[in-house]
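Read off the chains here:
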Amino acid sequence: MSALGWGRRAAGLGRALWPAGRPRLLAEEEAFGGVRGHRRSSSASPCEQDRRKDWGHAELLEVLQARVRQLQAEGVSEVTVKRVDVALAPEASSAQSPGKARAGAEGAAPKLSGRWAQKLDKEQRLMQKRKQRLEGRLQKRERTLAWQRQLRVEPRLLSGRLANQLQRWEQGAARSPWEEQLAQLLQEAPQRLSGDAAKASAVRGSDVRLEGQRQRLLSFFECCLLTGHLPLAHHVLVTHHSRSRQQRLLTLAMYNMVMRGWAREGSFKELVYVFFMVKDAGLAPDLLSYAAALQCMGRLDQDASTVRRCLKQMAQDGLQLQGLFTAVPLGEGERAELLRAVRKAEPTFRPPPPPPPPAPQLNTSPLLREVYAKQGCPVSYPRLHLPLKKLQDLFQQQLRVELATTVTVQSVEKAQPPTEEVLHARKTLADLRATWETALYQELQETKASEARAAREGRPSLFPYLCLLSEREFVGLLLQTLQALPAQGESLLFLAHELGLRVFNRHIVQRKQLSKQVQVLEQHYIKYLHLLASDTQVAERCLPRQWWEALGMPEAPHEQPWPVSVLVQLGKQLAEVLVQAVQMPGSLAAPRGPGSLIPVLYHVYSFRSFRQIGILKPHPAFTQLLEAAAERTLTFESTEVPMLCPPLPWTSPHSGAFLLSPTKMMRSVEGTQQHQLLLERCPPAQLHGALDALTQLGNCAWRVNGRVLDLVLELFTDKGCPRLGVPAPPSEAPRPPQGRQTPKSGLLPDLSPADKAEMRRELARRLKVAREMQSLRADALCRLSLAQHLRHRVFWLPHNMDFRGRTYPCPPHFNHLGSDLARALLEFAQGRPLGPHGLDWLKIHLVNLTGLKKRESLQARRDFADQLMEDILDSADQPMTGRRWWMEADEPWQALACCMEIARATRAPDPAAYISHFPVHQDGSCNGLQHYAALGRDSVGAASVNLLPSDLPQDVYSGVAAQVEVFRRQDAEQGVRVAQVLEGFISRKVVKQTVMTVVYGVTRYGGRLQIEKRLRELHDFPQEFLWEASHYLVRQVFNSLQEMFSGTRSIQRWLTESARLISHTGSAVEWVTPLGIPVIQPYHRDSKVMIKGGIQSLTFSSSGDTSQKPNTLKQKNGFPPNFIHSLDSSHMMLTALHCYRKGLTFVSVHDCFWTHAADVAVMNQVCREQFVRLHSQPILHDLSRFLVKRFCSDSRVSKSVWVSRLLDTLLSVPKTGAFDLEQVKRSTYFFS
Amino acid sequence: MWVPVAGLPSLLALSALTRGGRFCILRFGAARRKDVLAGNRRGLSDIHPQLLSNVGFGKSSSRVYRCRSEIKRYITSPRLAETLVQILQGKGDASQLILECNPGPGILTQALLGSGAKVIALESDKTFIPQLESLGKNLGGKLEVVYCDFFKLDPRSRGIVTPPVMTSEMLFQNLGIEALSWSKGSPFKVIGILPTKSERNTLWKIFHDLYSCTSIYKYGRIELNLFITEKECQKLLANPRTPNLYQALSVLCQIACGIKVLNKLPWSSFETYTTNGQLEKQKHRELVEQNMCLIQLTPHRDLFTGNLTPFNYDVFFHMLRQCFMKRNAKLVDHLHSLSPIDALHILKQIKKNKNVKVIDMYPQDFHRLFETIECSKEDTCKWLYDDFMEDVIL
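Calculation criteria
Residues numbered from 1 in each chain as written. Chains lettered and ligands numbered in written order. Predicted model: local features only at pLDDT ≥ 70, side-chain atom pairs only at ≥ 80, totals over all residues. Heavy atoms only, no water. Buried < 20%, exposed > 50% of the residue type's maximum accessible area, 1.4 Å probe, protein only. Helix = DSSP H or I, 4+ residues; strand = E, 2+ residues; numbered from the N terminus. Pairing = 2+ DSSP bridges. Right-handed = clockwise from strand over helix to strand, strands pointing away. Phe/Tyr/Trp six-rings, centres within 6.5 Å; stacked < 30°, edge-to-face > 60°. Core = buried A, V, L, I, M, F, W, Y, C linked by side-chain atoms within 4.5 Å. Contact = heavy atoms within 4.5 Å. UniProt positions renumbered as here; feature names shortened; annotations may be inferred. Polar contact = N/O pair within 3.5 Å; in protein donor to acceptor, adjacent residues only side chain to side chain. Axes fitted to C-alpha atoms, helices over the stretch in contact; angles between N-to-C directions. Parallel < 35°, antiparallel > 145°, perpendicular 65-115°, else oblique. Nonpolar A, V, L, I, M, F, W, Y, C, P; charged D, E, K, R; others polar. Disulfide = S-S within 2.5 Å. Salt bridge = Lys/Arg side-chain N within 4 Å of Asp/Glu carboxyl O. pLDDT = per-residue confidence, 0-100.

1. Some words on the pairing of strand S7 (residues 223-229) of chain B
All names here are of chain B.
Logical step 1: Counting buried positions along S7 yields seven of seven residues, so the element is predominantly enclosed.
Logical step 2: Going residue by residue along S7, you find Glu223, Asn225, Phe227 and Thr229 tucked away on one face and Leu224, Leu226 and Ile228 tucked away on the opposite face as well.
Logical step 3: In terms of strand pairing, strand S6 (residues 189-193) meets S7 through five bridges, oriented parallel. The residue bridging Val190 from the neighbouring strand is Leu224, located in S7.
Logical step 4: Following the backbone out of S6, through helix H7 (residues 199-212) and into the adjacent parallel S7, one traces a crossover that is right-handed.
Logical step 5: Of the pairings in the sheet, the one linking S7 to strand S9 (residues 291-299) comprises six bridges and is antiparallel in character. Counted as the bridge partner of Leu226 is Ile295 from S9.

Written out as structure tokens, the structure reads:
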């Protein structure tokens, strides 16, 4: 009973605050139209009540919230909190019209009463009094605040004429319908001259900060619409519009967005208001604006004449009627309403038929012709080894994981026996978490309320974002963050960004769920599986992407990511909630301390050489509690874990990989749009090569090598073994005798200050070691726990690429790109019989892994393995107790895994039939130089990096060392002192690092440091000559490279110079890889973005966008290596695509290609052929042509000095040597 | 008296000679540097045989040193030099050891030598070295010249150091200077001018060294006599009565050292020069308007007798920096994020009001606060501080 009264009274309160509508007073209207700066009073006028009652519901809820807060402050039980939760539900789902929502809320109140009446009855008497008192107080306060609280509807227009017009119409509202006015309004010319506007926008565009604010505002409006806060969006729009300073921020897109919102609701009056504002701002309505207006007319069933006038105006503006249906993205319902309106005016109108599913476009790149050829070479695309049923099952598993957004994994840390202490700690923790949930919940509510207030004041606050997810989800997210916070703390900026991203991802997943996309996806995916499963038939063999496109999955609208500033702001707000809400009893920290609550998280500053970094740090007692509880679970985001079913094929730059979580095809620094824009602008067919290659790399099924995992875990849970890459547990770390916190020894009075300083240094050293060990350990724990989690399962690693086209697996912790240990844990889930030569390849691979016979022929390597067979078998059988030969290898764990595979194969009755899952690698020898040598057709260079067939593998490092030695001897004979001193010291090792990195742009400065380091390691080298000798050597290394790779150096110089000039013309360097991927270098001058307020102002620099000037140094130094990387990635993708066509399993770690032992020979052949194909293209000339077109063809800038110099440089493409590329095809050691 | 300048390049000598200013500012042009270096290969071998290989490859030295627009001031007035010598020597014994940083043309060096002191000249600019060496020719080892940058001794990056960046061990071992214990005093005095551009950073470095008892302070309680800008000097001397200037460095300085302002020289009366002999008043307006103070910093003998020691000084540093991040906030709010110990209890112990603000705390109060927390017996965990939070690379 009481609850009923409660609800009614509250509703009544809402009404009392805003009395029922009345015809508006003329005087008020005058004030509105004529007098500027009278905004507030007019907005607070009672005459607006009739319109505002629609929003009464929101107001009511806020009042309720405020009351609950007050009641809580008075110590009311949490019952009330829950009540409001229920009451709030309609608001969360108020995508329906406000009127309906209101009715829903009122309808809900009596229902609630039944549930809560009993509980409340008990405290009723006490409550009653309090409530009355409160209500009185509240009413008073609400009244004073009311003027701020109300949402503005009518705009205040800056143009006097328009304002008068608006005013006239409003007065005459009864007589002439609104739609009449719209039609007339449409005829109004935009207030500002278009030229003016263009100029203004050009000036605006230059301002990065303004652009950032715009992005945030647009994102705010979008989010308001999503969460059903359209009136709020309108309010903020009106507020911004009425302040000329803020009006600069508004763009047509924002007005359109709000208009579209009103159109969906069928609220014509508000729509007209927005139209007024558009005109007032001097913007010309575009198709989107008209679509909104017509849609609204359709919904309201307007008469034909209005519609006709609207259409006429549209034609006068030069906009096509057809365009409404083709160029404007519309929902199903929206489209129907729009059509209804148009049909009124033109009954015969037929919308253009939906464009036929575009004929599967074909990639025309000459490199890919064979890949996409329908006839000709035989096609045998591989299939998975799993039947359809199993795959469907796997899909369901993965779907569940992604819907849950997190995965909880058992840790592989040794299980503690559940002692009294452990159990106690766990219980404490569980209790604390329960309290934290409530506390966080309350804190979130309060934050939401205050953000809502901010929005009502016209600021684009975080309110709509906080409405995207339910409080429960936010609480879960925050608790998860708390759990994962490292003991030494985490930078607030990082944390905020991470939190923001997670909210975004969850929101996307939720939207897909709500919009029924999941079911559609499921249907299509099952059909898609028919292509991959082992027991299905398809009519025509084709690539996964082609198959997917043929299935005609409707392209889901692609979600624009939020601007980084929004992400960070939201994340920071959430982090603040966490800091404020989460507390624990002080007695946990100091058992005898006072019983007050202390915060669990602290916001402290860390000082890094005069910069301060704000970090959030957990209380040490909390860290201890976590340790004591020894909870053996780890939580990962679903995107951090390999997938349990084949990834979605990549069909566009933003759809592919994970089922629901958004993934970008090209990873980039967060917040940079330029790559994405470039990709979207590309014709779709141009990207096919990259899309298919990524899909194919992701389609490789993996499994965990159980035996290796067992051995690793054994070491891991014991003492670790740093030598083998298994980090030791913290118990093995050097511990300070008593720890930092009790520096008894540091306080001993009889020690001298100098001794204490020494002690401190020792302590610091130990702490550093311990910290490093800890982070290594944590890293390994993640990886091994995931491996354990995935043991006995088949999983997939979806791939994407960096801005140069190099590919990477998306899941970060457990993949084949990691260390020796990580790689050894993985093997192909699909097996292949070894065949006649497979065993030989296994043996050669083993010898390669040992790093012993690098300069021997394949035959010699195999013979070497045969000699060692005893050791190999011993390693395989008794890895830890035997002779442990494998431990001496360069890559011990992979060597061990290989030993085991060889042992199994040799013991099989027929080794050739043995089914092997083991991946065999083939490495390019100094791949960067290989590409350079091929580009420049350097004969000598090509020979030294194995582009020429030869009996023994060549070693470029030895080659360079020998060349340096020749120079040295000459100099020594001429009496150069350094050259004489260096006699006998020039070895492969000294020059290796420099030669390797020269390709990637190392300078003489860096090269000298590298060589100095090497020389320093030589004990008998006279150290006083270090500087001189390294200086001399680096010069000689560069000279030798010049001698051997004459083309290379000139190409490098040409690239560098071009990049320098391009950068000087004010652009970032762009090019297109031979496979058609557009590349742009993301090096720009930093611009600082600051987010103020709250516990700390956060500043982050963004450097990735085209609106900023390029960073010349980085652009210039980055171009040669990035260009070479774009070539090696092209080579890899070509190899991948062709291998796929031949039915091979293929994966790559950049320039290291993996396949089954049986297929190594085929892969090698494909690899060489594709290298020749790639370099047979006029790569440098194509590049030159592209750059000229891109940077020198603009007539406006071509007069600049830089441009003409650039043109000269670009046209003088370096000359090439006489090397015959075809020879590569016969070079055994090209990749080996 | 001006004879020894013969070794200077003509332009420099000109500017130093013709303008009677007491300081001059030099800005190094790239062109000049080369020819000076060419004729400068001899010299250091007697002191630093292992450095020989480096001579002649000036370009290789650390990055910082390549900055050519660095402005340096030198004492060029003999009268000022005499005054300084009198101030420095005071009543003390005349034959003490003085470390002079960046003597430049050597005017002060000469005056010091004249008064009978032993001088070690640490010069970071090779241009001046031959000239300085010639000063000590007939003095029987009373002057030693080392190519070294005093203010960059013992870089924390711990990379490879090449002169003029050196480690103190390297330097003092070669000079044959032994460490004295903290209570005994100081084996030498230091006089120099703080580098203008990096004044604050250099001060931070000095106090880090002092509190951690490393670098020069490993050799005893070294007395520093430094010229610093008046503004910076005021900051060092600030306390709650001058809240606008009060900052963490003030506290550190006042806790650690006895500070004496020995002399104040109006900068406005000096003229400033670039190397090509042109007046450059306009460009250095901000310098022109400043005074320079000579301050003496003598570390307290009893600095480390309490609970503040080189073992835990970093916590003290962190506490101060954290407090002065939000200097107008209440101390109690900062205490919450510094230490898990009950903040009100601590405030009671140091007899402060719970509303006390950071800028109301005198340096001694901070010291007491630190000692109180450090002494508290109750808790196992006294600070929320973690080693990695204070990571200073100078």
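2. Brief notes about the pairing of strand S10 (residues 701-704) of chain A
All names here are of chain A.
Logical step 1: Where S10 meets strand S11 (residues 795-796), two bridges bridge the pair, whose relative direction is antiparallel. Looking across to S11, one finds that Trp702 is bridged to Phe795.
Logical step 2: Examined bridge by bridge, S10 and strand S14 (residues 826-828) share three bridges and lie antiparallel to one another. Paired with Arg703 across the two strands is Glu827, which belongs to S14.

3. Digging into the packing of aromatic side chains
Residues and elements named next belong to chain A.
Logical step 1: In this structure the tally under the stated criterion is 33 aromatic pairs over all chains.
Logical step 2: When the centroid spacing of 5.7 Å and the interplanar angle of 65° are considered together, the rings of Trp436 and Phe622 count as edge-to-face. Here Trp436, found in helix H22 (residues 420-456), pairs with Phe622, found in helix H29 (residues 620-629); they are 186 residues apart in sequence, far enough to count as distant. Judged on exposure class, the residue Trp436 and its partner Phe622 are both buried.

4. Some thoughts on the nonpolar core
All names here are of chain A.
Logical step 1: Ranked by internal contacts, the top residues of the largest apolar core, which has 140 residues, are Leu659, Leu947 and Phe1123.
Logical step 2: Element by element, the count of residues in this core is highest for helix H48 (residues 1112-1141), at 11 residues.
Logical step 3: Ignoring sequence-local partners within four residues, the contact set of Leu659 consists of Phe395, Gln398, Leu399, Glu402, Lys512, Leu521, Tyr525, Met643, Cys645 and Leu648.
Logical step 4: By size, the runner-up hydrophobic cluster in this structure holds 116 residues, among which are Cys224, Phe268, Val328 and Ile508.

5. Some thoughts on the UniProt feature "binding site: S-adenosyl-L-methionine" (unreviewed entry) in chain B
Residues and elements named next belong to chain B.
Logical step 1: The UniProt record annotates "binding site: S-adenosyl-L-methionine" (unreviewed entry) at Ile75, Glu123 and Asp149.
Logical step 2: Relative to the assigned elements, Ile75 resides in strand S2 (residues 72-75).
Logical step 3: Relative to the helices and strands, Glu123 is located in strand S4 (residues 118-123).
Logical step 4: Among residues more than four places away in sequence, those in contact with Glu123 are Tyr74, Asn102, Pro103, Gly104, Phe128, Ile129, Leu132, Val146, Tyr147 and Cys148.
Logical step 5: One polar contact links the side chain of Glu123 to the main-chain amide nitrogen of Gly104, over a distance of 2.8 Å.

6. Side note on the sheet that holds strand S23 (residues 1152-1156) of chain A
Residue and element names in this part refer to chain A.
Logical step 1: Read across the sheet, three strands follow the order S17-S23-S22 without closing on themselves; strand pairing throughout is antiparallel. In the strand order of this sheet, the two ends are held by strand S17 (919-923) and strand S22 (1147-1149), each with one partner. Sheet twist, expressed as the average angle between the axes of neighbouring strands with direction ignored, equals 30°.
Logical step 2: Sheet topology places S17 next to S23; five bridges connect them, and they run antiparallel. Following the sheet pairing, Val920 is matched in S23 by Thr1155.
Logical step 3: In the packing of helix H49 (residues 1160-1176) onto the sheet, contacts are made with S17 and S23, and the angle to S23 comes to roughly 145°.

7. Considerations on the packing of helix H16 (residues 287-300) of chain A against helix H19 (residues 332-345) of chain A
Residue and element names in this part refer to chain A.
Logical step 1: One way to put it is that H16 packs onto H19 with a least axis distance of 7 Å and a crossing angle of 80°. One finds that H16 runs roughly perpendicular with respect to H19. Contacts from Ala291, Leu294, Gln295, Met297, Gly298 and Arg299 of H16 reach H19 at Glu334, Glu337, Leu338, Arg340, Ala341 and Val342.
Logical step 2: By residue class, the composition of the contact of H16 with H19 is six nonpolar, two polar and four charged.

8. Observations concerning the state of the cysteines
All names here are of chain A.
Logical step 1: Enumeration over the complete set of coordinates arrives at zero disulfides over all chains.
Logical step 2: Here Cys223 stays free of any disulfide, with the sulfur of Cys224 as its closest cysteine sulfur at 6.7 Å.
Logical step 3: Looking at the unpaired Cys721, the closest cysteine sulfur is the one in Cys899, lying at 16 Å.

9. Concerning the packing of H16(A) against helix H17 (residues 304-316) of chain A
Residue and element names in this part refer to chain A.
Logical step 1: Viewed as axis vectors pointing N to C, H16 and H17 meet at an angle of 175°, and their least axial separation amounts to 11 Å. Judged by the inter-axis angle, H16 sits roughly antiparallel to H17. Counted together, Leu287, Tyr290, Leu294 and Met297 of H16 and Thr306, Val307, Cys310, Leu311, Gln313 and Met314 of H17 form the full contact between these two elements.
Logical step 2: Within the contact of H16 with H17, the residues separate by chemical class into eight nonpolar, two polar and no charged.

10. Regarding the environment of Gln1165(A)
Logical step 1: Tracing the chain through its elements places Gln1165(A) in helix H49.
Logical step 2: Here Gln1165(A) falls in the partly exposed class, since its relative accessible area comes to 41%.

11. Some remarks on the pattern of salt bridges
All names here are of chain A.
Logical step 1: Going through the model one piece at a time under the given rule, you end up with 48 salt bridges over all chains.
Logical step 2: Among the salt bridges present, the one from Asp955 reaches Arg988, with a minimum N-O distance of 2.5 Å. Here the residue Asp955 occupies a position in the loop between helix H41 (939-944) and helix H42 (956-973), and Arg988 occupies one in helix H44 (residues 988-998), the gap between them amounting to 33 residues.
Logical step 3: Judged by relative accessible area, which is 11%, Asp955 ranks as buried.
Logical step 4: Judged by its relative accessible area of 28%, Arg988 is partly exposed.
Logical step 5: Two residues, Glu965 and Arg969, come together in a salt bridge whose shortest N-O distance is 3.9 Å. Of this pair, Glu965 and Arg969 both sit in helix H42, four residues apart, which is roughly one turn of that helix.
Logical step 6: Under the relative-accessibility criterion, Glu965 is labelled buried at 18%.
Logical step 7: Taken together, the shared-partner salt bridges in this structure form one network comprising Glu498, Arg502, Arg506 and Glu637.

12. Some thoughts on helix H31 (residues 688-698) of chain A
Logical step 1: Among the 11 residues of H31(A), 11 are classified as buried, and the element is accordingly described as predominantly covered.
Logical step 2: Considered for burial, the residues of H31(A) that qualify are His688(A), Gly689(A), Ala690(A), Leu691(A), Asp692(A), Ala693(A), Leu694(A), Thr695(A), Gln696(A), Leu697(A) and Gly698(A).

13. Topic: the confidence of the model for chain B
Residues and elements named next belong to chain B.
Logical step 1: Put simply, chain B has an average pLDDT of 72, and 71% of its residues get 70 or more.
Logical step 2: When pLDDT is averaged over each element of chain B, helix H9 (residues 248-256) comes out on top at 91 and helix H1 (residues 10-18) at the bottom at 33.
Logical step 3: Confidence drops under a pLDDT of 50 for residues 1-69, and excluding neighbours within four residues, the segment shows 139 contacts in the predicted structure.
Logical step 4: Predicted confidence for residues 269-283 stays below pLDDT 50, and this span has 33 contacts to residues more than four positions away or in other chains.
Logical step 5: Both confidence scores are given for the complex: pTM 0.79, ipTM 0.71.

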